[in-house]
Amino acid sequence: MSVKADYASWWDLAACQRVDPELFFPVSQVGPAQLQEARAKSVCARCTVQMQCLEYAMATHQLHGVWGGLGENERRRLRAVHTAERDLVQQ
Ligand code: SF4
């Protein structure tokens, strides 16, 4: 089953379902938004489906917000590493 199709199997277990969704979408990466992102990541840290969430976010190219314990810039860097590794393998 694909990561996308498997979404329903873990979403019900998401720790963020009991938190204001706005917490996971800071409006910027600086100032008070950094504290907001840290608070969102603390929810992710105790979420039992963190890995599934991160896999989903990467597979569906989620650009905004905190997913799987990673912020936007962290997921962007992770995507760059994956792309570089894939390119190395294909050479
Ligand atoms: S890892 Fe974070 S964003 Fe993902 S489902 Fe869990 S609490 Fe929500």
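Residues numbered from 1 in each chain as written. Predicted model: local features only at pLDDT ≥ 70, side-chain atom pairs only at ≥ 80, totals over all residues.

## Looking at the site of the ligand
Okay, step 1: In the vicinity of the ligand there are 14 residues, among which Ala14, Cys16, Cys44, Cys47 and Cys53 approach most closely.
Okay, step 2: Contributions of two or more residues to the shell around the ligand are made by α2 (32-45) and α3 (50-59).
Okay, step 3: Split into classes, the residues belonging to the shell around the ligand amount to 11 nonpolar, three polar and no charged. (Near = placed C-beta within 6 Å. Helix = DSSP H or I, 4+ residues; strand = E, 2+ residues; numbered from the N terminus. Nonpolar A, V, L, I, M, F, W, Y, C, P; charged D, E, K, R; others polar.)

## Re unusual backbone geometry
Okay, step 1: The phi dihedral of His61 is positive, around 55 degrees, even though this residue is not glycine.
Okay, step 2: Considering the arrangement of structural elements, one finds His61 in the loop between α3 and α4 (72-90).

## Notes on α3
An α-helical turn contains 3.6 residues, so a residue and the one three or four places further along point in the same direction.
Okay, step 1: Regarding α3, the residues found buried are Cys53, Leu54 and Tyr56. The arc that holds the buried residues of α3, viewed along the axis, is 160 degrees, so those residues lie on one side.
Okay, step 2: Just downstream of α3 lies His61, where phi reads positive at about 55 degrees. (Buried ≥ 20, exposed ≤ 12 C-beta atoms within 10 Å, placed from the backbone. Arc of directions from axis to C-beta.)

## Regarding the nonpolar core
Okay, step 1: The biggest cluster of nonpolar side chains holds nine residues, and these are Phe24, Ala40, Cys44, Cys53, Leu54, Tyr56, Val66, Trp67 and Leu70.
Okay, step 2: Among the elements of the structure, α2 and α3 are those that each provide at least two residues to this core.
Okay, step 3: With three residues, α3 is the largest single contributor of residues to this core.
Okay, step 4: In this view, Cys53 contacts Ala14, Trp67 and Gly68; residues no more than four positions away in its chain are not counted. (Core = buried A, V, L, I, M, F, W, Y, C linked by C-beta atoms within 7 Å. Contact = placed C-beta atoms within 7 Å.)

## Observations concerning the environment of Gly31
Okay, step 1: Inspection of the secondary structure puts Gly31 in the loop between α1 (7-11) and α2.
Okay, step 2: For Gly31 and Gly65, which are 34 residues apart along the polypeptide, the C-alpha to C-alpha distance reads 16 Å.

Function cannot be inferred from these measures alone, as they are strictly geometric.
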